[in-house]
Every structure is written in C-alpha cells, then in structure tokens.
Amino acid sequence: MLEGHFLLSSGLHSDRYLQCALMLQHPDVAERLAVLLYQELGRDRDIVNRVTAVVSPAIGGIVFGQEVARVLRTMTGRDVRALFTERDDAGTMVLRRGFTLSSDDAVLVVEDVVTTGKSTREVMAVVSGAGAAVVGVGCVADRSGGMPLFEVPFHAVTAVAIRTWQPAECPLCAQGIPCVKPGSRKQLR
Ligand code: ZN
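Residues numbered from 1 in each chain as written. Predicted model: local features only at pLDDT ≥ 70, side-chain atom pairs only at ≥ 80, totals over all residues. Heavy atoms only, no water.

Novice: Looking at this structure, I do not really get the sheet that holds strand 7 (residues 133-142). What am I missing?
Specialist: For sheets, the rule is that strands pair by backbone hydrogen bonds, running either parallel or antiparallel. The mixed open sheet is built from 6 strands, whose spatial order is 5-4-3-6-7-8. The two strands at the open ends of the sheet, each matched to only one other strand, are strand 5 (93-95) and strand 8 (154-159). Adjacent strand axes in the sheet meet at a mean angle of 25 degrees when their direction is disregarded. With 5 bridges connecting them, strand 7 and strand 8 associate as parallel partners. Along strand 8, the bridge assignment pairs alanine 141 with threonine 158. Helix 2 (residues 27-41) contacts strand 6 (106-114), strand 7 and strand 8 of the sheet and is inclined by roughly 130 degrees relative to strand 8. (Pairing = 2+ DSSP bridges. Helix = DSSP H or I, 4+ residues; strand = E, 2+ residues; numbered from the N terminus. Axes fitted to C-alpha atoms, helices over the stretch in contact; angles between N-to-C directions. Contact = heavy atoms within 4.5 Å.)

The following block contains the structure:
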C-alpha cells in the first residue's frame, strides 16, 4: 500500500494506492492469492463448473489471471486457458496475438484491482463480442466500496477501502501536492 497523491485509472485521485504488482512479483504470493480467489469462487459452483478460460486486461491483470487459470486447471482438471486483452492504437480493448474465444467458452474475467469496473466492463465486452459467455469477475482487491458493478457474480480475495476524490474536490490538489500516476514516474502537474 503506497501513500502519496495518485491519479487512478478511473480518473479519480487518492492518497493511497495498492500496487498489486509488488505482491505479485513473488510467485508464491501470487499462487496463494489465486488459491484464495478459487476458494471464494467455490461459493459459486456455476463458475467453477463452467469456466474454460480466464481473460484479463494487460498489463496489471496478466500475472494474476495466469495464476488463477493455473489453479482452476489444477482443481477442475479441465484445460482452462489464460488470455489477455490489450489496447489498440485507438485505445480500444481488443484480443490480439491470435487469442480466440468462441460460443463454447465460459469466461472468468480476472483483474488485479477493481475500482469503478470500467476496464473490467471493457474486457467483458470483448468477451461477449467474441461470442463467449462471461460467467463471473474475480480480482485480488475490491476497491468498489460495495457498489454493484457487474451483472455477473463478482468475487475478490479482499475488499480494500481507499478514499478517492474527483480531481476538483481533491484536498491534495488543493494543497498543491504533485499528483502521480502509479506505476510510472511521470508527474502530472
Ligand atoms: Zn488530487
């Protein structure tokens, strides 16, 4: 958990940022988190019984998605694939690299952190557009504050409460503290 003044991908500002990559850099921790998510998913037998693929948004979701697919594969004995979406030059979320989904696929969308669910919904649209079914969403950290975000079951390893503000209402901006986009060194102002 980093402290400072952050611009989140949602466009909101925050004084804390959960940098999941710092946890996931340890493969044993990533695996343990994936097992914990699997145990959460276990409440939803429908997901575990049907899932054929995990799809995550690049870059943040890739490592955890891979680990979740591995655990699902081990526990179900089925060939659960791990795919990821990425943005094209126009900023549109797409499947590249020859990744394909079909109407035979039941997809668990996996993220590291879910806040507004915006990027998750973009991944869901890619999956639906490919004719596959989204059976659920899973993540390491649910930062939504309990907001209902999706029309499919949503499971998280843990819920994390972090205060966020619209930029115009951000007290850190009001103090003139430089805002930083997490994961980069770039200062925004
Ligand atoms: Zn701010």
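Having put the structure on the table, let's press on.
Novice: Looking at this structure, how should I read the domain arrangement of the protein chain?
Specialist: Interfaces are often sized by the accessible area lost when the parts come together. By domain assignment, the protein chain separates into domain 1 (1-18 + 166-184) and domain 2 (20-161). The C-alpha-based centres of domain 1 and domain 2 are spaced at 26 Å. Residue-level contacts link 5 residues of domain 1 with 7 residues of domain 2. Summed over both sides, the interface between domain 1 and domain 2 buries roughly 550 Å², with carbon and sulfur atoms accounting for 74% of that surface. When the area that domain 1 buries against domain 2 is broken down by residue, the three leading residues are Leu8, Ser10 and Leu18, summing to 70%. For the interface between domain 1 and domain 2, the tally reads 1 residue pair in polar contact (both at pLDDT 80 or more). Here the residues of the side of domain 1 that touches domain 2 are counted per class, giving 4 nonpolar, 1 polar and no charged. (Domains from an automatic or database assignment. Buried area = accessible area lost by both parts, 1.4 Å probe. Polar contact = N/O pair within 3.5 Å; in protein donor to acceptor, adjacent residues only side chain to side chain. Nonpolar A, V, L, I, M, F, W, Y, C, P; charged D, E, K, R; others polar.)

Novice: Looking at this structure, how should I read the side chain of serine 144?
Specialist: Turning to its location among the elements, serine 144 is positioned in the loop between strand 7 and strand 8. Here the side chain of serine 144 touches glycine 146 through a polar contact of 3.2 Å, landing on its backbone nitrogen. In contact with serine 144, not counting residues within four places along its chain, are Val114, Thr115, Leu149 and Phe154.

Novice: Sorry if this is basic, but what is going on with the packing of helix 2 against helix 4 (residues 62-76) here?
Specialist: Two quantities define a packed helix pair, namely the angle between the helix axes and the distance between the axes. Between helix 2 and helix 4, whose axes approach to 9 Å, the crossing angle comes to 60 degrees. Accordingly, the angle class assigned to the pair helix 2 and helix 4 is oblique. Crossing angle aside, the handedness with which helix 2 passes helix 4 is right-handed. Side by side, helix 2 and helix 4 meet where Ala30, Glu31, Leu33, Ala34, Val35, Leu37, Tyr38 and Leu41 of the first sit next to Phe64, Glu67, Val68, Val71, Leu72 and Met75 of the second. Of the residues contributing to the contact of helix 2 with helix 4, the split by class is 12 nonpolar, no polar and 2 charged. (Parallel < 35°, antiparallel > 145°, perpendicular 65-115°, else oblique. Left-handed = near helix turned anticlockwise from the far one by under 90°.)

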